[in-house]
Amino acid sequence: MEYKINKGDRFLCLENYVMDDDRVAYTKGLVYLSELDNRITDDEFDVMHEMNGQDDFFEYFKLLPSDSVS
């Protein structure tokens with residue numbers, strides 16, 4: 001699935017997302033916010049964690065509907 005992470009998007013983490021250094025960057029069951037385009041703030045509050053273009057992204061995250069009303 002092709003996607004673009006936009007500032008303000010919120011994602012539910014479906015499974016722990018483990019980095020190459022074995023650190024859990026995103027925890028199953030928590031909701032994460034994109035504070036910058038192409039990035040999702042992680043468990044260590046790193047707003048620069050780039051997640052756009054990860055092939056397995058939607059195995060780990062579900063985009064939540066926007067709370068805004070048009």
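Above this text you will find the structure in question.
Predicted model, so just to flag it, every value in this text is computed and none were measured.

Colleague: Can you walk me through the overall build of the chain in this structure?
Modeller: Within the chain, the secondary structure is distributed over one helix and five strands. When the helices and strands of the chain are listed from N to C terminus, the series reads β-β-β-β-α-β. The C-alpha radius of gyration computed for the chain amounts to 12 Å, which stays within 12% of the reference 11 Å derived for 70 residues, consistent with globular compactness. For the chain, the C-alpha atoms occupy an extent of roughly 40 × 25 × 20 Å along the three principal directions. Long-range pairs, those at least 24 residues apart, make up 48% of the contacts in the chain with a sequence separation of at least 6. Looking at the chain as shown, the accessible area adds up to about 4,900 Å², and 49% of this sits on carbon and sulfur atoms. Averaged over its 7 positive side-chain charges, the chain has a centre that lies 7 Å from the centre of its 17 negative ones.

Rules used in this analysis
Residues numbered from 1 in each chain as written. Predicted model: local features only at pLDDT ≥ 70, side-chain atom pairs only at ≥ 80, totals over all residues. Heavy atoms only, no water. Helix = DSSP H or I, 4+ residues; strand = E, 2+ residues; numbered from the N terminus. Rg over C-alpha atoms; globule rule 2.2 N^0.38 Å. Contact = heavy atoms within 4.5 Å. Areas by Shrake-Rupley, 256 points an atom, 1.4 Å probe, with all protein chains shown as cover. Lys, Arg positive; Asp, Glu negative; His and termini not counted. Charge placed at Lys NZ, Arg CZ, Asp CG, Glu CD.

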